Amino acid sequence: QKEVEQNSGPLSVPEGAIASLNCTYSDRGSQSFFWYRQYSGKSPELIMSIYSNGDKEDGRFTAQLNKASQYVSLLIRDSQPSDSATYLCAVKVGGYQKVTFGTGTKLQVIP
Amino acid sequence: DGGITQSPKYLFRKEGQNVTLSCEQNLNHDAMYWYRQDPGQGLRLIYYSQIVNDFQKGDIAEGYSVSREKKESFPLTVTSAQKNPTAFYLCASRPGQAVNTEAFFGQGTRLTVV
């Protein structure tokens, strides 16, 4: 079982719709969860971080964490063509410095 | 400006040669990381360091070596033992002492074996 799993996609949504990206993780000791966006040929940039169960909202982005079910998700409301990118989920186990990434989900927003 | 600087941006290596990728940060971060990314793939951890003079193997350390002699610097050497070195290499750092902090990335080095 991979430490962090994501559906590779591509996930296609029409402009203005909600995009839902999901990530599951295997280590129950995980405490820190991150979503990064990566455009082709560029380095990842942080979108959201979440550390406790529940929802965290920032503009059009909402991160959701459910530690009991070991999944974290990212919702993008009012999706724009500029949101088309690969979204990477990353997890850090508490007390350790290792940060593990999933393989990423490619999102395509269709105008 | 504070940030993470990787150099060079593009690097070409002949088979059998060792090459060293540079990563410098002026963010006063304790933890630093090296990841490798192949086309269409996620990031795989090569090595990471929590403090000066200490580093840990990640998931794909074979054929790579690192050093952490200074807090600001974490160079990665790709040795001739690495059979498929062509990839996009990313360096990251984060404040190591606090639990809930994010990692920030440099702009990456694209290594090609010719």
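Just so you know, these numbers come straight off a predicted model, no measurement behind them.

J.: It is not clear to me how the overall build of chain B should be interpreted in this structure. Could you clarify?
T.: Scanning chain B from N- to C-terminus turns up zero helices and eleven strands. Going from the N terminus to the C terminus, chain B shows its helices and strands as β-β-β-β-β-β-β-β-β-β-β. In terms of overall dimensions, chain B is globule-like: its C-alpha atoms have a radius of gyration of 13 Å, near the 13 Å expected for 114 residues. When burial is assessed residue by residue, chain B has 48% of its 114 residues classed as buried. Within chain B, residue pairs in contact and separated by at least 24 positions form 52% of the contacts whose partners lie at least 6 positions apart. The positive charge centre, built from 12 side chains, and the negative charge centre, built from 11, are 6 Å apart in chain B.

J.: Just checking my understanding: could you explain the pattern of salt bridges for this structure?
T.: Oppositely charged side chains can form a pair if their charged atoms are brought close together. Overall, the coordinates contain eight salt bridges over all chains when judged by the stated rule. The partner of B:D59 in a salt bridge is A:K98, and the shortest N-O contact between them spans 3.1 Å. Residue B:D59 is found in the loop between β6 (56-57) and β7 (64-66), and its partner A:K98 is found in the loop between β9 (85-93) and β10 (99-101); the two belong to separate chains. Under the relative-accessibility criterion, B:D59 is labelled partly exposed at 44%. Linking B:D38 and B:R36 is a salt bridge whose minimum nitrogen-to-oxygen distance equals 3.0 Å. For B:D38, a relative accessible area of 14% puts it in the buried group.

J.: Before we go on, may I ask you to explain the environment of B:W34 in this structure?
T.: Residues and elements named next belong to chain B. Inspection of the secondary structure puts W34 in strand β4 (residues 31-37). For the pair W34 and L76, spaced 42 residues apart in the sequence, the C-alpha separation amounts to 7.5 Å. Side-chain polar atoms of W34 contact the backbone oxygen of F74, separated by 2.6 Å.

J.: What is the right way to read the sheet that holds strand β3 (residues 19-25) of chain B from this model?
T.: In a beta sheet, neighbouring strands are held together by backbone hydrogen bonds and run either parallel or antiparallel to one another. All names here are of chain B. Here we have four strands laid out as an open sheet, ordered β1-β3-β8-β7, and antiparallel in their pairing. A strand with exactly one partner marks an edge of an open sheet, and here the two such strands are β1 (4-7) and β7. On average, each strand axis in the sheet is inclined to that of its neighbour by 20°, with strand direction left out of account.

J.: Mind showing me how you'd approach the nonpolar core here?
T.: Most often, soluble globular proteins have nonpolar side chains that are buried together. Residues and elements named next belong to chain A. Core analysis: the biggest nonpolar cluster contains 23 residues, and W35, V72, L74, I76 and Y87 have the highest contact counts within it. Breaking this core down by element, the ones donating at least two residues are β3 (19-25), β4 (30-38), β5 (45-50), β7 (61-66), β8 (71-76), β9 and β11 (105-110). What V72 contacts, discounting residues up to four positions off in sequence, is L21, N22, C23, F33, W35, I50, Q64, L65 and C89.

J.: I keep staring at the packing of aromatic side chains and nothing clicks. Help me out?
T.: The description of an aromatic ring pair rests on the distance of the ring centres and on the angle between the ring planes. On inspection of all chains with the given rule, the structure shows twelve aromatic pairs over all chains. Plain terms: the ring middles of B:Y33 and B:Y35 are 6.1 Å apart, the flat faces sit at 20° to each other, and that makes the pair stacked. Judged by its relative accessible area of 0%, B:Y33 falls in the buried class. Considering the side-chain rings of B:Y64 and B:Y89, the 5.9 Å spacing of their centres and the 65° angle between planes classify their relative orientation as edge-to-face. Of this pair, B:Y64 sits in strand β7 while B:Y89 sits in strand β9 (residues 87-94); the two residues are 25 residues apart in sequence, bridging distant segments of the chain. The exposure class of B:Y89 is buried, given its relative accessible area of 0%. A connected cluster of aromatic rings, assembled from ring pairs, spans A:F34, A:Y36, A:Y51, A:F101, B:Y33, B:Y35, B:Y48 and B:F105. In this arrangement the basic side chain of B:R110 is found over the ring face of B:F88, its NZ or CZ atom lying 4.3 Å from the centre.

J.: Hey, could you run me through the interface of chain B and chain A in this one?
T.: Residue-level contacts link 24 residues of chain B with 21 residues of chain A. Regarding the contact of chain B and chain A, the summed buried area is about 1900 Å², with carbon and sulfur atoms giving 53% of it. Counting every contact that joins chain B to chain A gives one salt bridge. In this structure, the connection of chain B to chain A is made through ten residue pairs in polar contact (both at pLDDT 80 or more). Of all the elements in the fold, those that place two or more residues in the side of chain B that touches chain A are β4, β5 (43-49) and β9 of chain B. For the side of chain B that touches chain A, the element with the most residues is β4(B), which contributes four residues. Of the residues belonging to the side of chain B that touches chain A, the class tally is eleven nonpolar, nine polar and four charged.

Quick notes on the rules
Residues numbered from 1 in each chain as written. Chains lettered and ligands numbered in written order. Predicted model: local features only at pLDDT ≥ 70, side-chain atom pairs only at ≥ 80, totals over all residues. Heavy atoms only, no water. Helix = DSSP H or I, 4+ residues; strand = E, 2+ residues; numbered from the N terminus. Rg over C-alpha atoms; globule rule 2.2 N^0.38 Å. Buried < 20%, exposed > 50% of the residue type's maximum accessible area, 1.4 Å probe, protein only. Contact = heavy atoms within 4.5 Å. Lys, Arg positive; Asp, Glu negative; His and termini not counted. Charge placed at Lys NZ, Arg CZ, Asp CG, Glu CD. Salt bridge = Lys/Arg side-chain N within 4 Å of Asp/Glu carboxyl O. Polar contact = N/O pair within 3.5 Å; in protein donor to acceptor, adjacent residues only side chain to side chain. Pairing = 2+ DSSP bridges. Axes fitted to C-alpha atoms, helices over the stretch in contact; angles between N-to-C directions. Core = buried A, V, L, I, M, F, W, Y, C linked by side-chain atoms within 4.5 Å. Phe/Tyr/Trp six-rings, centres within 6.5 Å; stacked < 30°, edge-to-face > 60°. Lys NZ or Arg CZ within 6 Å of the ring centre and 35° of its normal. Buried area = accessible area lost by both parts, 1.4 Å probe. Nonpolar A, V, L, I, M, F, W, Y, C, P; charged D, E, K, R; others polar.

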